[in-house]
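Chains, contacts and geometry: an overview
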Amino acid sequence: MRLPEPIDEKAGQRAAATWAVVLLVVLGLLSAVVNARWLAASDSRLLTIAQTPATSPLDVVMVVTSLLGSVEVTSGVMAALVAATLLQRRRLSIDVLAPVAFLLVATVIEVAGKLIIHQPSPPAVLMRGPRVGVGLSTQYSFPSGHMVRATFVYGLVALRLVRRFRSVWWLWLCVLLVWTIGLSRVYLANHWPTDVAGGILLGGAALGLSLAFAARASLGEGIGT
């Protein structure tokens, strides 16, 4: 599926900012509902459904899938994106690091959420597979940091590929990847479904703000030209 001609840059930035605001509003509403524990029962049911086909081989697949949202992997992908932009520009500019700054701000908000939103992590007895990679141990679990990073970083990758190849299929592949990582987090009982949803909303909002205020750096100026 090919894209139409590029839209005006300013219009694109306004659209990105609007989406970011919408996602932040939805995140705020979801945070309030989660903190009130109104979705605890549905979270439990959905986690049970996610674990219904559980097997040892599937555990391995889900652990590997979950690693795609880890600090180690997403940091490596983010570093590669920054390096690609620097190679295209052939000069160092502070705005190249703007997307990194937005991701760091989203991470700070994520950690704050885990401190103030009273959603206990899933019971340890439900957890499947080994815990691998660097992780932050907190009493509460909302929102999912894996999903914040996956949504932001793989969203940037997809947008750059869309810009280069002029095909929206990259966006659909990104959506599939992010939701698969989200499923793995629930299957492994590392997070509740609402944690995953909160992480996607926060990561999406950060991505929108990065596009709104640092569009050239976010999309990789010079890539595909």
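Our structure is the block above this text.
Residues numbered from 1 in each chain as written. Predicted model: local features only at pLDDT ≥ 70, side-chain atom pairs only at ≥ 80, totals over all residues. Heavy atoms only, no water.

Scanning the protein from terminus to terminus reveals nine helices and zero strands. Helices and strands appear in the protein in the N-to-C order α-α-α-α-α-α-α-α-α. Taken against the 2.2 N^0.38 rule, which gives 17 Å for 225 residues, the C-alpha radius of gyration of the protein at 18 Å falls within 12% of a compact globule. Projected onto its principal axes, the C-alpha coordinates of the protein cover approximately 50 × 35 × 35 Å. Contacts spanning at least 24 positions in sequence make up 84% of the contacts within the protein whose residues lie at least 6 apart. (Helix = DSSP H or I, 4+ residues; strand = E, 2+ residues; numbered from the N terminus. Rg over C-alpha atoms; globule rule 2.2 N^0.38 Å. Contact = heavy atoms within 4.5 Å.)

Right, let's get into the pattern of salt bridges. The tally for this structure, following the rule as stated, stands at two salt bridges. With a shortest N-O distance of 2.7 Å, Lys114 and Glu110 are connected by a salt bridge. Of this pair, Lys114 and Glu110 both sit in helix α5 (residues 98-116), four residues apart, which is roughly one turn of that helix. Judged by relative accessible area, which is 6%, Lys114 ranks as buried. (Salt bridge = Lys/Arg side-chain N within 4 Å of Asp/Glu carboxyl O. Buried < 20%, exposed > 50% of the residue type's maximum accessible area, 1.4 Å probe, protein only.)

With that out of the way, let us pick up the environment of Val33. Topologically, Val33 is positioned in helix α1 (residues 9-35). Sequence separation of Val33 and Thr194 is 161 residues, and the distance between their C-alpha atoms is 9.8 Å. Setting aside anything within four residues of it in sequence, one finds Val33 in contact with Trp38 and Leu39.

In this section: helix α7 (residues 169-187). A rise of 1.5 Å per residue sets the reference length of α7, with its 19 residues, at 27 Å; its end C-alpha atoms lie 27 Å apart and thus fit the reference within 8%. Turning to α7, its buried residues are Cys174, Val178, Ile181, Gly182, Ser184, Arg185, Val186 and Tyr187. Where α7 is buried, its residues touch α2 (40-50), α3 (56-67), α6 (145-165) and α8 (193-213). Taken from the residues just after α7, Ala189 is the one with a positive phi, measuring 60°. (Expected span 1.5 Å × (residues − 1).)

The subject of this paragraph is a nonpolar patch on the surface. The grouping of Phe165, Trp170, Leu173 and Leu176 at the surface amounts to a nonpolar patch, some 390 Å² of accessible area in total. Tallying contributions element by element places α7 first for the nonpolar patch, with three residues. On the basis of relative accessibility, which here comes to 54%, the residue Leu176 falls in the exposed class. (Patch = residues over 30% accessible without salt bridge, like charges linked within 9 Å, V, L, I, M, F, W, Y side chains within 5 Å. Areas by Shrake-Rupley, 256 points an atom, 1.4 Å probe, with all protein chains shown as cover.)

Its 19 residues place the ends of α5 27 Å apart at the C-alpha level, agreeing with the 27 Å of an ideal helix rising 1.5 Å per residue. Ala98, Pro99, Leu103, Ala106, Glu110, Gly113 and Lys114 are the residues of α5 that are buried. Projected down its long axis, α5 shows its buried positions confined to an angular sector of 165°, all on one face. Summarising the geometry of α5, the exposed residues directed more than 90 degrees from the buried face are Leu104, Val108, Leu115 and Ile116. (Arc of directions from axis to C-beta.)

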